[in-house]
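# Architecture and fold: a report
Residue-level listing of the chains:
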Amino acid sequence: MRNFLDIEAPVIDRFGGESGLEARLTKPKAAEQIQSIPNSQWLSAASRAVFQAGFSWKVVEKKWPGIENIFHGFDLSFCRYLPEEVLDDLMHQEGMIKHWTKTRSIPRNADFFWQLSNKHGSLGSYFSSWNTANYIENLKYLRRGGDRLGGKTAQVFLRRMGVDTLVFASDTIRALVREGVVDKSPSSKKDWAALQEAIETWQMQSNRSLNEISQILSLSVG
């Protein structure tokens, strides 16, 4: 595995210097900004990422304001108690995307998020406490506790909310394979341990966020 500065150098050259690269990178929000995000926005963003997985992102984006209305702004207390017969009625309302397993994930994730909020004071407080040393364990906890919140879906959701995270885009995985970190998209305990070690090392070498490391890895391919 190379020093991250050696991975970054040709990417900087390709974009005409450090300022050119910086202009392309998105960065995480500050902890105070994440803390201030209401619980309902976390559930809305997570649900939107779930519905977009394997589906047209543009169609979901267009329909999402209507879907937010159907689910009362994704209020946790409303969503977590929805029985299946009510959920089925909501799924058949005009403007709703009719996908049962994804629709059913809304109350399940609402209940999981409600428990997290109860324990940590708010979802913003919980997610703002994430750090690199616990990154892989945090992702696994989100996958175990939530519904359909594994892999890239969770990463896309977190990135949109400003949480510092990798996103397993195809080029990012190719770069991780090229650097000898993994030989495929991480799935085994060994893969995740290797990835955790790599990101901690690369952060120490580059002083960059996981957002930036993920994007630079992707840009280094091709």
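Remember, predicted model here, so these are calculated numbers, not experimental data. Within each chain, residue numbers correspond to sequence positions counted from 1 in written order. Only residues with pLDDT of 70 or above have their local features reported here, since the model is predicted, and side-chain atom pairs are shown and tallied only from 80 upward, although totals for entire chains, interfaces and linings are computed over all residues. Think of the side-chain values as coming from all heavy atoms in the structure, minus any hydrogens and water.

### Some words on helix α14 (residues 210-219)
With ten of its ten residues buried, α14 lies for the most part within the structure. The contact criterion used throughout is that any non-hydrogen atoms of two residues lie within 4.5 Å. Helix and strand assignments follow DSSP, with helices taken as H or I runs no shorter than four residues and strands as E runs no shorter than two, numbered in order from the N terminus. The elements touched by buried residues of α14 are α1 (4-14), α2 (18-22), α10 (135-145), α11 (151-161), α12 (170-178) and α13 (189-206). Burial classes follow relative accessibility: with a 1.4 Å probe on protein chains only, a residue under 20% of its type's maximum area counts as buried, one over 50% as exposed, and anything between as partly exposed.

### Examining a negative patch on the surface
For patches, a residue must show more than 30% relative accessible area and have no salt bridge; joins then use 9 Å for like charges and 5 Å for nonpolar side chains, namely Val, Leu, Ile, Met, Phe, Trp and Tyr. Shrake-Rupley sampling with a 1.4 Å probe provides the accessible areas, and residues are treated as covered by the protein chains on show and by no other component. The term salt bridge refers to a pairing of a side-chain nitrogen on Lys or Arg with a carboxyl oxygen on Asp or Glu at a separation within 4 Å. For the purpose of counting charges, residues Lys and Arg are taken to be positive, whereas Asp and Glu are taken to be negative. His and the chain ends are not included. Charge positions come from single atoms, namely NZ of Lys, CZ of Arg, CG of Asp or CD of Glu. Negative charge collects at one region of the surface, where Glu84, Glu85, Asp88 and Asp89 lie side by side. With relative accessibility at 55%, the residue Glu85 sits in the exposed group.

### Concerning unusual backbone geometry
Within the chain, Phe74 stands out as a residue other than glycine whose phi angle is a positive 60 degrees. Looking at the secondary structure, you find Phe74 in the loop between α5 (57-70) and α6 (76-80). Although it is not a glycine, Asn207 sits at a positive phi angle of roughly 60 degrees. Examined against the element boundaries, Asn207 turns out to sit in the loop between α13 and α14. Judged by its relative accessible area of 73%, Asn207 is exposed.

### Overview of the pattern of salt bridges
A full pass over the atoms with the stated rule returns 13 salt bridges. Between Glu179 and Arg2 there is a salt bridge, and its shortest N-O distance comes to 2.7 Å. Of this pair, Glu179 sits in the loop between α12 and α13 while Arg2 sits in the segment before α1, and the two are 177 residues apart along the sequence. With a relative accessible area of 37%, Arg2 lands in the partly exposed category. Between Lys27 and Glu22 there is a salt bridge whose closest N-O contact spans 3.0 Å.

### Focus: the side chain of Gln215
Of note, Gln215 is situated in helix α14. Judged by relative accessible area, Gln215 falls into the buried class, the value being 15%. From its side chain, Gln215 meets the backbone oxygen of Thr26 in a polar contact 2.8 Å long. Setting aside its immediate chain neighbours within four residues, Gln215 contacts Arg24, Leu25, Thr26 and Arg159. Identification of polar contacts relies on pairs of N or O atoms within 3.5 Å, with a donor-acceptor requirement for protein atoms, meaning one able to donate a hydrogen and the other able to accept it, and with residues adjacent in sequence counted only if both atoms are side-chain atoms.

### Observations regarding the side chain of Ser44
One can find Ser44 in helix α4 (residues 39-52). Each residue touching Ser44, except ones within four places of it in the same chain, is listed here: Trp64, Glu68 and Phe74.

### Details of the nonpolar core
To qualify as a nonpolar core, a set must consist of buried Ala, Val, Leu, Ile, Met, Phe, Trp, Tyr and Cys residues joined through side-chain atoms within 4.5 Å. Judged by nonpolar contacts, the single largest core of 65 residues is most densely connected at Trp42, Phe71, Phe113, Phe127, Leu142 and Phe157. The greatest single-element share of this core, amounting to seven residues, is contributed by α4. Sequence-distant contacts of Phe127, defined by excluding residues within four places in its chain, comprise Ile34, Trp42, Leu142, Phe157, Leu158 and Val163.

### Some details on the layout of surface pockets
Its boundaries defined by the atoms lining it, the largest pocket holds a volume of some 210 Å³. The distinction between a cavity and a pocket rests on a 1 Å grid over the protein atoms alone: a 1.4 Å probe fits inside a cavity but cannot get out, while a pocket stays open yet meets protein on both sides within 12 Å along at least five of seven lines, and a residue with an atom within 4 Å of a point counts as lining. Along its surface, the largest pocket is lined by 13 residues, and Thr26, Arg159, Val167, Asn211 and Gln215 are the ones closest to its centre. When residues of the lining of the largest pocket are assigned to their parent elements, the largest contribution, four residues, is made by α14. We call Asp, Glu, Lys and Arg charged. Ala, Val, Leu, Ile, Met, Phe, Trp, Tyr, Cys and Pro are nonpolar, and the rest, Gly among them, are polar. Looking at side-chain class alone, the lining of the largest pocket contains three nonpolar, seven polar and three charged residues. If you add up the space inside the second largest pocket, you get close to 160 Å³. Lining the second largest pocket are 15 residues, with Ser128, Trp130, Asn131, Val163 and Asp164 sitting closest to its centre. Elements that contribute at least two residues to the lining of the second largest pocket include exactly α3 (31-35) and α9 (123-128). Residues of the lining of the second largest pocket, tallied by class, amount to nine nonpolar, four polar and two charged. Grid points are joined across faces, edges and corners, and a volume is the space filled by probe spheres set on the points.

### Quick look at the environment of Lys58
Relative to the assigned elements, Lys58 resides in helix α5. Using a relative accessible area of 72% as the deciding quantity, one classes Lys58 as exposed. In this structure the C-alpha to C-alpha distance between Lys58 and Ala193, which are 135 residues apart in sequence, comes to 35 Å.

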